[in-house]
Amino acid sequence: MTQTTTRVLEPSDLDAALEVLGREPVANAFVTSRVQVAGLDPWRLGGEMWGWYADGELLSLCYAGANLVPVCAGPDAVRAFADRARRTGRRCSSIVGPAEATRLLWQLLEPAWGPARDVRSRQPLMTIDHPSTTVAPDPQVRRVRKDEMDLIMPACVAMFTEEVGISPMAGDGGLLYQARVAELVGSGRSFARVDDGRVVFKAEIGAATPGACQIQGVWVDPAFRGRGHSEAGMAAVVAYALRDVAPVVSLYVNDFNTAARAAYRRVGFREVGAFMSVLF
C-alpha cells in the first residue's frame, strides 16, 4: 500500500518544493516566483505551502494564501488538499491553477465553500518563446516610471474591475492593490503606451522566474480599441520580457474573450494548456 501524507512545508523543505515547481515551469510560474523570493516561511510567503507526500517523497504542492493554487497535483493529492482546505475554512479570494486539478478541487470544496461569485472554467494557457515575427512592436510602449503611479493606477483599476467584476479599491481602500502595482512599477515590469498623458495600452509581467514569466493585466483604453494597440503593445512587452526576464513568456485568458485570444495568436502565442479560476 502506498503511504500518503499532507503537511505544511517548512523553510527546510525549500529544495524539495523547488524541484516539484521546476517540473512545469510555465504552469507553475506564479507560485515559483513567490517561493523564489520569499522561501517557504508563511509570513514572508503570504500563506502556507502544503505538501503531499507518497511513500515519503514530495510529489505535489498547494499554495494557500490569497489564492488557493494546486501544483503538479493528481486526483489523490487534490483530494488531500481539499480535505485540509475544508478543515481550515476559506481564506482565499480565488482558486486558480491548471484546469483539471482546479476543477476537481472546486467540485470537492463547493459544497462547503460555495457558491462562487464567478467560475472561469477554461482559460487557455498560451506561450511564446521568440519575438513576434508577424506584428511589429509598438515603439511607444515603454516601462512605466516610478513617478508615474498617479498615471498608471486608474488604468490598472479599470482593467481589474473590467476583468474581475469588482473594484480592487474595495475593502482596504486599495492599499494592497496599490502596493502590488507599485512593486511591479519599481521592478521595471510595468509597461504602457502613453499618449498626451493618457494610458492607451498597458500590461505587466506579473510572475517572473528564470524559466518563464507571465504577462498579466493587459488593457487597452476603450476609446482606442480596434486599432491594433493590443497586438503591437503585446509584441513590445514580449520583446522586453524575452530580452530581460525569461526565455518563455506566458499568459492565460478567458476562453470567451475571442478577440484577445485572436490578438495573442496574431502576435505568435500558441495554446499549451488551460487554467481555471474560481472567484469569491
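Every residue gets a number counted from 1 within its own chain, in the order that chain's sequence is written. Predicted model: local features are reported for residues with pLDDT of at least 70 only, side-chain atom pairs are reported and counted for 80 or more only, and whole-chain, interface and lining totals are derived from all residues. Side-chain metrics rest on all non-hydrogen atoms present in the structure, leaving aside hydrogens and water.

> How do you make sense of the packing of helix H1 (residues 14-21) against helix H2 (residues 29-38) when you look at a structure like this?
A pair of packed helices can be characterised by two numbers: the angle between their axes and the separation between those axes. Helix axes use the C-alpha atoms of the stretch in contact, all axes being lines fitted to C-alpha atoms, and the angles between their N-to-C directions lie in the range 0 to 180 degrees. To qualify as a helix, a DSSP run of H or I must reach at least 4 residues; to qualify as a strand, a run of E must reach at least 2; elements of each kind are numbered from the N terminus. Two elements in contact, H1 and H2, have axes separated by 10 Å at closest approach and are oriented at 155°. Accordingly, the angle class assigned to the pair H1 and H2 is roughly antiparallel. Of the two possible hands of crossing, H1 and H2 adopt the one that is left-handed. Taken together, the residues of H2 that come into contact with H1 (itself represented by Leu 14, Leu 18 and Leu 21) are Val 31, Thr 32, Val 35 and Gln 36. Each residue gets one label: Ala, Val, Leu, Ile, Met, Phe, Trp, Tyr, Cys and Pro are nonpolar, Asp, Glu, Lys and Arg are charged, and the others, such as Gly, are polar. When the residues that make up the contact of H1 with H2 are grouped by side-chain class, the tally is five nonpolar, two polar and no charged. Each angle is binned into one of four classes, with values under 35 degrees roughly parallel, values over 145 roughly antiparallel, values of 65 to 115 roughly perpendicular, and all other values oblique. Handedness of each helix crossing follows the sense of rotation of the near helix against the far helix: counterclockwise by less than a right angle gives left-handed, clockwise gives right-handed. In this analysis, two residues are considered to be in contact whenever any of their non-hydrogen atoms come within 4.5 Å of each other.

> Please explain the environment of Phe 201 as it appears in this structure.
Here Phe 201 shows up in strand S9 (residues 198-208). On a C-alpha basis, the gap between Phe 201 and Met 234 in space is 9.1 Å, while along the polypeptide they are 33 residues apart. Every residue in contact with Phe 201, bar those within four places of it in the chain, is listed here: Val 141, Phe 191, Ala 192, Arg 193, Val 218, Trp 219, Val 220, His 229, Ser 230, Gly 233, Met 234 and Val 237.

> Would you explain unusual backbone geometry in this entry?
Peptide bonds are, in most cases, trans, and in most cases residues other than glycine have a negative phi. Residue Pro 115 is reached from Gly 114 by a cis peptide bond, and omega for that bond is -5°. Tracing the sequence through the fold places Pro 115 in the loop between helix H5 (99-113) and strand S6 (118-128). Although it is not a glycine, Asp 55 adopts a positive phi angle of roughly 50°. Mapped onto the secondary structure, Asp 55 falls in the loop between strand S2 (48-54) and strand S3 (57-64). Although it is not a glycine, Cys 72 adopts a positive phi angle of roughly 50°. Topologically, Cys 72 is positioned in the loop between strand S4 (67-71) and helix H4 (75-88).

> In this structure, what is going on with the packing of aromatic side chains? I would like to understand it.
Both the distance between ring centres and the angle between the ring planes are used here to describe each pair of aromatic rings. Centres within 6.5 Å make a pair out of two Phe, Tyr or Trp rings, where for Trp the six-membered ring is used; the pair is then stacked when the planes are under 30 degrees apart, edge-to-face when over 60, and tilted otherwise. Scanning the entire structure with this criterion turns up eight aromatic pairs. Summarising the aromatic geometry, the rings of Trp 106 and Phe 280 are spaced 5.6 Å apart at their centres and angled 65° between planes, so their arrangement reads as edge-to-face. Of this pair, Trp 106 sits in helix H5 while Phe 280 sits in the segment after strand S12 (270-279); the two residues are 174 residues apart in sequence, bridging distant segments of the chain. Whether a residue is buried, partly exposed or exposed follows from its accessible area with a 1.4 Å probe, protein chains only, as a fraction of its type maximum: under 20%, in between, or over 50%, in that order. When its relative accessible area of 5% is taken as the criterion, Trp 106 is described as buried. An angle of 35° between the planes, with centres 4.8 Å apart, marks the rings of Tyr 252 and Phe 275 as tilted. Taken as a pair, Tyr 252 in strand S11 (residues 249-252) and Phe 275 in strand S12 lie far apart in primary sequence, 23 residues in all. Grouping aromatic residues by their ring pairs yields a cluster made of Trp 106, Trp 113 and Phe 280. Stacked on the ring of Trp 50, the Lys or Arg Arg 84 has its end atom at 5.7 Å from the ring centre. Over the face of the ring belonging to Phe 280 we find Arg 90, whose NZ or CZ atom lies 4.3 Å from the ring centre. Definition used: whenever NZ (Lys) or CZ (Arg) falls within 6 Å of the ring centre and also within 35 degrees of the ring normal, the charge is taken to sit over that ring.

> So what exactly am I meant to see when it comes to helix H9 (residues 258-267) here?
Side chains that are three or four residues apart share a direction in an α-helix, a result of its 3.6 residues per turn. Within the sequence span of H9, burial applies to Ala 260, Arg 261, Ala 263, Tyr 264 and Val 267. For H9, the buried positions fall inside an angular range of 160° around the axis, keeping them on one side. Residues of H9 that are exposed and angled more than 90 degrees away from the buried face: Thr 258 and Ala 259. Along its buried surface, H9 packs onto S6, strand S10 (213-220), helix H8 (229-244), S11 and S12. Comment: arc refers to directions from the helix axis out to C-beta atoms.

> Sorry, what's going on with the pairing of S4 here?
Put simply, side chains in a regular strand alternate between the two faces of the sheet. With five of its five residues buried, S4 lies for the most part within the structure. Burial along S4 is two-sided: the face carrying Asn 67, Val 69 and Val 71 and the face carrying Leu 68 and Pro 70 are both buried. Strand direction decides the pairing type here: S3 and S4, joined by four bridges, are antiparallel. Along S4, the bridge assignment pairs Ala 64 with Leu 68. One bridge is not enough; two strands pair if DSSP finds at least two bridges between them. Turn length for the S3-S4 hairpin, with the two strands adjacent in sequence and antiparallel, is two residues. Looking down the strands as they point away from the viewer, one classifies a crossover as right-handed if the path from the first strand across the helix to the second runs clockwise. For the crossover from S4 across H4 to strand S5 (residues 94-98), the handedness is right-handed.

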